[in-house]
Amino acid sequence: MVSLTFSDVTKRFGGRTVIEGLSATLAGGTVTAVTGANGSGKSTLLKMAAKLLLPDAGKIVARDGEQELCKASYRSRLAIVTPEFHAYPKLTARENLDFFLSFRRAEALSDALYEQLLERVGLAPGAVDGKMVEQFSTGMKKRLHFAILLASEADVWLLDEPGANLDAVGRSMVRREARLAADGGKLVLLATNDREEEAEADACISLSGR
Ligand SMILES: Nc1ncnc2c1ncn2[C@@H]1O[C@H](COP(=O)(O)OP(=O)(O)OP(=O)(O)O)[C@@H](O)[C@H]1O
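Residues numbered from 1 in each chain as written. Predicted model: local features only at pLDDT ≥ 70, side-chain atom pairs only at ≥ 80, totals over all residues. Heavy atoms only, no water.

1. Focus on the side chain of N96
Right, on to step 1. Mapping N96 onto the fold places it in helix α3 (residues 93-101).
Right, on to step 2. For N96, the side chain forms a polar contact with the main-chain oxygen of L91, separated by 3.5 Å.
Right, on to step 3. Ignoring any residue separated from it by four or fewer positions in sequence, one finds N96 in contact with A87, Y88, L91, V133 and L144. (Helix = DSSP H or I, 4+ residues; strand = E, 2+ residues; numbered from the N terminus. Polar contact = N/O pair within 3.5 Å; in protein donor to acceptor, adjacent residues only side chain to side chain. Contact = heavy atoms within 4.5 Å.)

2. Focus on the packing of aromatic side chains
Right, on to step 1. As enumerated under the stated definition, the model contains 5 aromatic pairs in all.
Right, on to step 2. Their ring planes at 85 degrees and their centres at 5.3 Å tell us that Y88 and F99 sit as a pair that is edge-to-face. Taken together, the positions of Y88 in the loop between β6 (78-81) and α3 and F99 in helix α3 put the pair 11 residues apart, joining distant regions of the chain.
Right, on to step 3. Plain terms: the ring middles of F99 and F100 are 5.2 Å apart, the flat faces sit at 80 degrees to each other, and that makes the pair edge-to-face.
Right, on to step 4. The exposure class of F100 is buried, given its relative accessible area of 17%.
Right, on to step 5. Stacked on the ring of Y114, the Lys or Arg R94 has its end atom at 4.8 Å from the ring centre. (Phe/Tyr/Trp six-rings, centres within 6.5 Å; stacked < 30°, edge-to-face > 60°. Buried < 20%, exposed > 50% of the residue type's maximum accessible area, 1.4 Å probe, protein only. Lys NZ or Arg CZ within 6 Å of the ring centre and 35° of its normal.)

3. Thoughts on the environment of I60
Right, on to step 1. Within the secondary structure, I60 is located in strand β4 (residues 57-64).
Right, on to step 2. A relative accessible area of 11% places I60 in the buried class.
Right, on to step 3. As for I60 and G29, which are separated by 31 residues in sequence, their C-alpha atoms are 19 Å apart.
Right, on to step 4. Other than its neighbours up to four places away in sequence, I60 contacts L4, T5, F6, V9, M48, K51 and P55.

4. Notes on helix α4 (residues 111-121)
Right, on to step 1. Taken as a whole, α4 has its buried residues at L113, Y114, L117, L118 and V121. In a view along the axis of α4, the buried residues occupy a sector of 140 degrees, so they form one face of it. In α4, the exposed positions angled more than 90 degrees off the buried face are occupied by D111, A112 and E119.
Right, on to step 2. Those residues of α4 hidden inside the fold are in contact with α3, α5 (125-128), α6 (138-151) and α7 (168-183).
Right, on to step 3. Positive backbone phi, at 75 degrees, marks G122, one or two positions downstream of α4. (Arc of directions from axis to C-beta.)

5. A closer look at the pairing of strand β8 (residues 187-191)
Right, on to step 1. Burial of β8 is extensive: 5 of the 5 residues sit out of reach of the surface.
Right, on to step 2. By the alternation rule, side chains of β8 split into L187, L189 and A191 and V188 and L190, which are all buried.
Right, on to step 3. Alignment of strand β3 (residues 31-35) against β8, held across 4 bridges, turns out to be parallel. Among the inter-strand pairings, T32 is bridged to a residue of β8, identified as L189. (Pairing = 2+ DSSP bridges.)

6. A few points about the sheet that holds strand β9 (residues 203-206)
Right, on to step 1. Strand order across the open sheet formed by 5 strands is β6-β7-β8-β3-β9, with parallel pairing between neighbours. Only two strands of the sheet have a single partner each, and these edge strands are β6 and β9. Within this sheet the neighbouring strands show an average axis-to-axis angle of 15 degrees, counted without direction.
Right, on to step 2. Pairing of β3 with β9 involves 4 bridges; the strand directions are parallel. Across the sheet, residue V34 finds its bridge partner in β9, namely I205.
Right, on to step 3. Across the sheet, α6 is in contact with β6 and β7 (156-160); its angle to β6 comes to roughly 175 degrees.
Right, on to step 4. In the packing of α7 onto the sheet, contacts are made with β3, β7 and β8, and the angle to β8 comes to roughly 150 degrees. (Axes fitted to C-alpha atoms, helices over the stretch in contact; angles between N-to-C directions.)

Everything listed is a geometric property; what it means functionally is a separate question.
Rendered as structure tokens:
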């Protein structure tokens, strides 16, 4: 299982320290919530966890068991859900899934798996088939992003406000899938201000904002 260790991690932007001296170990098989007010550094922490941002001080080390993973190998095993992601508007749900998953899966998406994914994320085939993503509601696009995540086979899930733009049923799908993923050995790190998502987590990193 993949684990991620933050050792005395500090991140500054300009002269401003956003995260200071953070130490934590995130283990495969667990859900960790990152909470804190707007601007407290939750997205920054997730970007550092994805190695998209470097800390100014301290270290972040990914391991598989005892073995340290290099950046490329770690990256190949992680998936991110973020509001910054946009599916291609002129492609259908199926075409987007085929496109994004072509980087991640050895095998093409079968019809059966496609149907199963839609069902898991609560997208009715009748509502999406034959439609381009630009015709989707915001929540439908979010659910499609989750379908891409579920099919990615990633070991590390970095979820930035995964319940945002989802209705109660969608938010409950997020909590259920995060738990199933952790039960299957995945490392799940989610930034949230949703009390129910926080309650579902096994551990919590609370950022004070600086
Ligand atoms: N690239 C950047 N350059 C300068 N400042 C940045 C940059 N990225 C983030 N910040 C600042 O760092 C702080 C933390 O931002 P971040 O997006 O991590 O907060 P957050 O907790 O995710 O906020 P929210 O709940 O609003 O999404 C904010 O003050 C933000 O303005």
